[in-house]
Amino acid sequence: MKRYSKMKNFYFIVFVLFSLAAAAEGVNVKTTGKTMTALDAVPQEKWDALSGQRIFFGHQSVGYNIITGIEGILQERHNIKLDILNTSKVKEVNQPGLAHEWIGRNTDPVSKLEAFAALLHDKFGKETDIAMMKFCYVDITSDTDIDTLFIRYKTTLAELRKEFPETIFVHVTVPLTTKPQGIDGVKAAGKNMIKKIMGKPVFDYKDNIKRNLFNNKMKAEYEGREPLFDLAGLEAGYMPDRPSSFARDNTTYLTLAAEYTNDGGHLNEAGARKIGEQFLFFLAQHSR
């Protein structure tokens, strides 16, 4: 009986360790009658700490998808007390919560960097605990000079860190788009041809090459040294052992998993839920 009790405790400890490791990777752990997620691995004291944080997230539409996913989770998990603050019509934010605002103009990533810095200076101030901004998939295409853009990004974030030394700045990888398959691929090619003739901007799945290369620069610069939320990696990971991708010149490039989108770029309900969950988990780990 004693030996059985020891073995039972041993397997319980193994399960807990596995659950924590899986949660850190964004994996769901199946149990009898229940699915554990990353959020189940977070102790309540971490959620309590998160509720007192002032967080600023600058974004456009994909960021709004993530916020929507978070709001759905918060409606179900009453132990997570995090106010979501849309600050577009507010001059100053003086309360804890996840404050978010649309920044800059799509297809103009520099305008987003400038807007992010301006909002920190003018609205959110030095009491911000965590701050982050993200580019959109339309900001980086096959024509983007990612070397120049990354230098601008790195310089802007370095200046902000110096000006706001108490703020944790989080880096977010650039979101991706899907590679259309079958008839959808034929339709996409036809639409792009018409857009070219009309002189309109064309977005193609091959734009993901530059997005992957930009994200590689971000990871090489910051991963393991500063907080980095790998949005692109999560978007591709509907099946973690077989991420959504395509190959070009013997190199594999991640794409947005088709299961996470209805239009090839924005997150659907399932995608918003998955990313929102991982976003909350990430914030809880970096709360003070």
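Preceding block: the structure.
These figures come from a predicted structure and were not determined experimentally.

Cut-offs applied
Numbers given for residues are sequential positions, taken from 1 along each chain in its written order. For a predicted model such as this one, the threshold for reporting local features is a pLDDT of at least 70, and the threshold for listing and counting side-chain atom pairs is 80 or more; totals across whole chains, interfaces and linings nevertheless cover every residue. Working from all heavy atoms in the structure, the side-chain values ignore hydrogens and water. In this description, strands pair whenever DSSP reports at least two bridges between them. Working definition: helices are DSSP H or I runs of at least four residues, strands are E runs of at least two. Numbering for both runs from the N terminus. Whenever Lys or Arg places a side-chain nitrogen within 4 Å of a carboxyl oxygen from Asp or Glu, that contact is recorded as a salt bridge. A simple rule labels every residue: compare its accessible area, found with a 1.4 Å probe on the protein chains alone, to the largest value its type can have, and call it buried under 20%, exposed over 50%, or partly exposed in between. Residues count as neighbours in contact if any of their non-hydrogen atoms are within 4.5 Å of one another. Lining residues are defined by having an atom within 4 Å of a point belonging to a cavity or pocket. Those points lie on a 1 Å grid over the protein atoms alone, cavities being sets where a 1.4 Å probe fits but cannot get out and pockets being open sets with protein on both sides within 12 Å along at least five of seven lines. Grid points are joined across faces, edges and corners, and a volume is the space filled by probe spheres set on the points. Under the scheme applied, nonpolar residues are Ala, Val, Leu, Ile, Met, Phe, Trp, Tyr, Cys and Pro; charged residues are Asp, Glu, Lys and Arg; polar residues are all the others, including Gly.

(A) Summary view of the sheet that holds strand β4 (residues 84-86). Strand order in the open sheet made by the 6 strands is β4-β5-β3-β6-β7-β8, with parallel pairing throughout. Strands at the two margins of the open sheet, each flanked by one partner only, are β4 and β8 (228-229). Pairing between strand β3 (residues 54-59) and strand β5 (residues 97-102): 6 bridges, direction parallel. Bridging from a neighbouring strand, Ile 55 pairs with Leu 98 of β5.

(B) Representation of the pattern of salt bridges within the structure. What the rule picks out here adds up to 14 salt bridges. Across the pair Arg 152 and Glu 114 runs a salt bridge, and its minimum N-O distance is 3.2 Å. Here Arg 152 is found in helix α5 (residues 146-163), whereas its partner Glu 114 is found in helix α4 (residues 109-124), with 38 residues between them in sequence. Overall, the relative accessible area of 36% leaves Arg 152 in the partly exposed class. Here Glu 221 makes a salt bridge to Lys 154, at a shortest N to O gap of 3.9 Å. Of this pair, Glu 221 sits in helix α7 (residues 208-222) while Lys 154 sits in helix α5, and the two are 67 residues apart along the sequence.

(C) Structural view of the side chain of Thr 178. Structurally, Thr 178 is set in the loop between β7 (168-172) and α6 (182-198). Residue Thr 178 is classed as buried on the basis of its relative accessible area, which comes to 15%. Excluding its chain neighbours within four sequence positions, the residues that come into contact with Thr 178 are Tyr 205, Thr 255, Leu 256, Ala 257, Ala 258, Thr 261 and Gly 264.

(D) Spatial organisation of empty space enclosed by the protein. One pass over the full model with this rule turns up 2 cavities of 30 Å³ or more. Approximately 40 Å³ is the volume found for the largest cavity. Considering the residues around the largest cavity, the lining is formed by Arg 54, Ile 55, Phe 56, Val 93, Gln 95, Gly 97, Ala 99, Phe 124 and Thr 128. Breaking the lining of the largest cavity down by element, the ones donating at least two residues are β3 and β5. For the lining of the largest cavity, the residue count by class is 5 nonpolar, 3 polar and 1 charged.

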